[in-house]
Amino acid sequence: MSYLSLNFRPVHKFSFLLPSACIPDSLRQSVHITNILSGIFSVLTLLLFFSLYMSFGWVNTSGYIILLAVLFLINIWINRSYYNFGRLLFCLTPVYLTLFVSIYDKWLNPQQSYITYFDSRFILLVTTILPAVSFKLYERLKLGICLASTFICLVLYDPLHALFGLDYFQRGFDATYYYHINYFVLISYFVLLFGVITLKVITERAVQHMNETLGHLNSANDQLVAKNLELTILNQALEIRTAEAVRQQEEVKISRGLITEANRLISEQQEKLWTSNQRLEETVKEKSAALMRTNQELVRHNNELRQFSYTISHNLRGPVARLLGLTDLMGRPLTHEERDEIALMIQRSGHELDGVLRDLSLIIDIRNDLYQVREKISFQEEWQKTVSMLQDQIRPDYNIVVDFENAPVVFSLRAMIQSILFNLLSNAIKYRDPERPLRVSIKTNTLPDNNIVLQVIDNGLGFNIENQRENLFKLYRRFHTHVDGKGLGLYLVKTQVDTLGGKIDVESEVNHGTTFTITLPTPPDTSKQIFFESEAAQIYYDANLNNTVIIWRRNISSIEYRRAFQTVLHTLKTYRTPGWIADLRLQGKVASEDQIWFLNTVIPEAINNGLKRIAAVGLKDPIRNDYFQRMSVRMTELGVELKVVESLEEAIAWMEEFVTAYH
């Protein structure tokens, strides 16, 4: 059985200060504190003696100070048996000995300083605290004797000195000031008295309350112990019953031993068979999944290869046919003006052919992460390219209406958007109704989720959508055989829309025309499309600014420097971005040979691919002084606008000015 208690249990250090066994438990703490303070006061008194001795040598009161230190030590021994007397001695000795020393010292040397006189009063005030730590509240007589002694000594302090002719009026004190000091001392005494008594009352009441609480806890603990004993008895009875049940079960087990063994053998065999089946099933699943992935990869590669092959034959036909026709014309007798006009048309067709080839190169690398970046594309610009490529097929009586006002731009792959427009317009012209003028409506809209809808409506021949829905986007499927064609256009459109993550819907009616509705997704963040990332640098494409941004992350090596700029150059070739932002603040120092390589190789190639302006963050850092000088001279020579800024935000704001001015 355990009990909770707040009875004093001192730690066994400095055992000579511990109270003896004859002292009641309720007073052991007070006696122990008195012993500790006696030891401390003895040490402090000796320190006071040495301080006086070092300052004034041996004086009349030196012996009494040593005596007081000895009395404090003796008091510890007295408390072991006579704890009431020892505590009174501890509280009263400083009071009366201080008063005696003050009178005696003045009697021996009446002309000495009055400092000791005031020091004595301070010591008397301090003694007000001692009874509170040495006695309990119920020891009222002892408390009263000690506190009254201090009060009497303070009140009779002047009369006793005057009795021996040692008062301070003879030293020229002003009476008002002198009595003010006395009043102040008495007020201080009462402040200490009431403060100590109040603290003592609160403390002892708190201890009493805690002891009562602990008593309740001990009582509750006793009840818990009794309940635990009852539970133990019940548990023992339960164990006896359980043992009996176990014995009976053992008898049943023995009787069923042979059956259990047989079942065990059967279970083991079934477990082994199940495990083997599971392993075989998992192996089959893994092989099937691997085969499925391989097949899907092969189908995807095959479709991409077919798409590229068909796109070449389909999209290059117009520019190549014009080039062949124009070169045939060059062999005929022509005037100088006619030759210049044909040469200009050949040049324009060559540029169109170059653009188509560049876009087809994009389709080849469509699986590369670089080409997953979506750029900001103007429908109007791509439409102009489409009209230019099909200008030899467009007649003056065709009514082609475009409306890109509701969605003028889309974030997508330029080559695929251009190819979709080309194929849909080409199909509308090819499968027009010869009985009525061709009418084509092309418009765009923005959905609430920011996705873009491109709709192409014509009044052509149309087809039976219900009968042809399954074959609509398959290769070599044609719905009208009276015109030339290979059945590739819609296949390409569907493949490209799927690649872009969009969807296409078709509505058609025979002799009433066809409506193509293409929904294109908008990327969640077009301002930071990361296509290169390493520990040294991060490169991303900002479609809103049509800018390539490179952010250096730490000091770089020559290999890291050149690799990053080769990627930047690849981006410029792909998207022909006019602006480039470089954050150089963490780049460190670049070797001179790398600077020269960059300025003589990367910059000229970038300019050939549309670079017009560069914003450099942190280029004016002192460690890049030579870099800054070289770049300034080279950019001036090449006609590239260079802007040195202090932050990435400032660089973006500068680039936005060009976007605003352009629009």
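Preceding block: the structure.
Everything quoted here is computed from the prediction, not taken from an experiment. (Residues numbered from 1 in each chain as written. Predicted model: local features only at pLDDT ≥ 70, side-chain atom pairs only at ≥ 80, totals over all residues. Heavy atoms only, no water.)

Engineer: Before we move on, could you go through the sheet that holds strand E5 (residues 452-458) and cite the residues and values that matter?
Structural biologist: The strand order E2-E4-E5-E7-E6 describes an open sheet built from 5 strands, whose pairing is mixed. What marks the edges here is a single partner per strand, and that holds for strand E2 (399-403) and strand E6 (503-509). Each neighbouring strand pair of the sheet contributes to a mean axis angle of 10°, computed without reference to strand direction. (Pairing = 2+ DSSP bridges. Helix = DSSP H or I, 4+ residues; strand = E, 2+ residues; numbered from the N terminus. Axes fitted to C-alpha atoms, helices over the stretch in contact; angles between N-to-C directions.)

Engineer: I'd love a proper account of the environment of Tyr431, names of residues and values included.
Structural biologist: Tracing the sequence through the fold places Tyr431 in the loop between helix H13 (414-430) and strand E4 (439-446). Between the C-alpha atoms of Tyr431 and Gly460, which are 29 residues apart in sequence, the distance is 5.9 Å.

Engineer: Which residues make up a nonpolar patch on the surface, and what are the values?
Structural biologist: A grouping of Phe151, Ile152, Val155, Leu156, Phe190 and Phe194 is seen on the molecular surface, where their side chains present a nonpolar patch of about 510 Å² in accessible area. Sorting the residues of the nonpolar patch by element identifies helix H6 (140-155) and helix H8 (175-255) as the ones contributing at least two each. Of the residues forming the nonpolar patch, the biggest block, 3 residues, is contributed by H6. (Patch = residues over 30% accessible without salt bridge, like charges linked within 9 Å, V, L, I, M, F, W, Y side chains within 5 Å. Areas by Shrake-Rupley, 256 points an atom, 1.4 Å probe, with all protein chains shown as cover. Salt bridge = Lys/Arg side-chain N within 4 Å of Asp/Glu carboxyl O.)

Engineer: Tell me what's going on with the environment of Glu533, and back it up with residues and numbers.
Structural biologist: Among the structural elements, Glu533 can be located in strand E8 (residues 529-533). The sequence separation of Glu533 and Ile551 amounts to 18 residues, and the corresponding C-alpha distance is 9.6 Å. If sequence neighbours within four positions are ignored, Glu533 has contacts with Gln538 and Arg553. At 3.1 Å, the side chain of Glu533 and the side chain of Gln538 are in polar contact. Among the polar contacts made by the side chain of Glu533, one reaches the side chain of Arg553 at a distance of 2.5 Å. (Contact = heavy atoms within 4.5 Å. Polar contact = N/O pair within 3.5 Å; in protein donor to acceptor, adjacent residues only side chain to side chain.)

Engineer: Pulling in residues and values, what's your account of the packing of aromatic side chains?
Structural biologist: Inspection of the entire model under this criterion finds 15 aromatic pairs. Between Phe190 and Phe194, the aromatic rings sit 6.2 Å apart at their centres with planes inclined by 25°, giving stacked as the arrangement. Linking Phe190 with Phe194, this pair stays in helix H8, spanning 4 residues, or about one helical turn. Note on Trp552 and Phe565: the rings are 5.7 Å apart at their centroids and 55° apart in plane angle, and the pair reads as tilted. Note that Trp552 is positioned in strand E10 (residues 547-552) and Phe565 in helix H16 (residues 558-575), a separation of 13 residues in sequence. Across the pair, exposure class does not vary: Trp552 and Phe565 are buried alike. Taken together, Trp552, Tyr561, Phe565, Trp580, Trp597, Phe598 and Tyr627 form an aromatic cluster joined through their ring pairs. The ring of Phe658 carries the charged tip of Arg613 above its face, separated from the ring centre by 3.8 Å. (Phe/Tyr/Trp six-rings, centres within 6.5 Å; stacked < 30°, edge-to-face > 60°. Buried < 20%, exposed > 50% of the residue type's maximum accessible area, 1.4 Å probe, protein only. Lys NZ or Arg CZ within 6 Å of the ring centre and 35° of its normal.)

Engineer: Describe the sheet that holds E10, listing the residues and the values that go with them.
Structural biologist: The strand order E8-E9-E10-E11-E12-E13 describes an open sheet built from 6 strands, whose pairing is mixed. Only two strands of the sheet have a single neighbouring strand rather than two, namely E8 and strand E13 (641-645). On average, each strand axis in the sheet is tilted by 15° relative to the strand beside it, whichever way the strands run. Sheet topology note: the strand E9 (residues 537-542)/E10 ladder contains 6 bridges and is antiparallel. Counterpart to Asp542 in the pairing with E10 is Asn547. H16 contacts E8, E9, E10 and strand E11 (579-583) of the sheet and is inclined by roughly 170° relative to E10.

Engineer: Tell me about helix H15 (residues 489-499), residues and numbers included.
Structural biologist: Counting buried positions along H15 yields 8 of 11 residues, so the element is predominantly enclosed. Inspection of H15 places Gly489, Leu490, Tyr491, Leu492, Val493, Thr495, Gln496 and Val497 among the buried residues, and these make up the whole buried set. Where H15 ends, the next residue or the one after it, Gly501, has phi of about 80°, a positive value.

Engineer: I'd like to hear about the pairing of E4, residue by residue, with values.
Structural biologist: As judged from the 5 bridges shared by E2 and E4, these two strands associate in the parallel manner. Opposite Val401, over in E4, you have Ser441 as the bridge partner. Across 7 bridges, the pairing between E4 and E5 is antiparallel. Looking at the pairing, Ile442 lines up with Val456 of E5.

Engineer: Can you explain the state of the cysteines? Please cite residues and give values.
Structural biologist: Inspection of every chain in the model, using the stated rule, returns 0 disulfides. Left unpaired, Cys146 is separated from the closest cysteine sulfur, that of Cys91, by 4.1 Å. Overall, the relative accessible area of 1% leaves Cys146 in the buried class. (Disulfide = S-S within 2.5 Å.)

Engineer: Any details on empty space enclosed by the protein? Residues and values, ideally.
Structural biologist: The full count for this structure, using the stated rule, is 6 cavities of 30 Å³ or more. Considering only enclosed or pocket space, the second largest cavity measures out at about 60 Å³ in volume. The wall of the second largest cavity is formed by Phe565, Trp580, Ala582, Leu584, Gln587, Phe598, Ile614, Ala616, Tyr627 and Met631. Of all the secondary structure elements, the ones that give two or more residues to the lining of the second largest cavity are E11, strand E12 (613-617) and helix H18 (625-638). Its residues assigned to classes, the lining of the second largest cavity shows 9 nonpolar, 1 polar and no charged. (1 Å grid on protein atoms, 1.4 Å probe; cavity = no way out; pocket = protein on both sides within 12 Å on 5 of 7 lines; lining within 4 Å. Points joined across faces, edges and corners; volume = space filled by probe spheres on them. Nonpolar A, V, L, I, M, F, W, Y, C, P; charged D, E, K, R; others polar.)

These results come straight from atomic positions and should not be treated as a statement about function.
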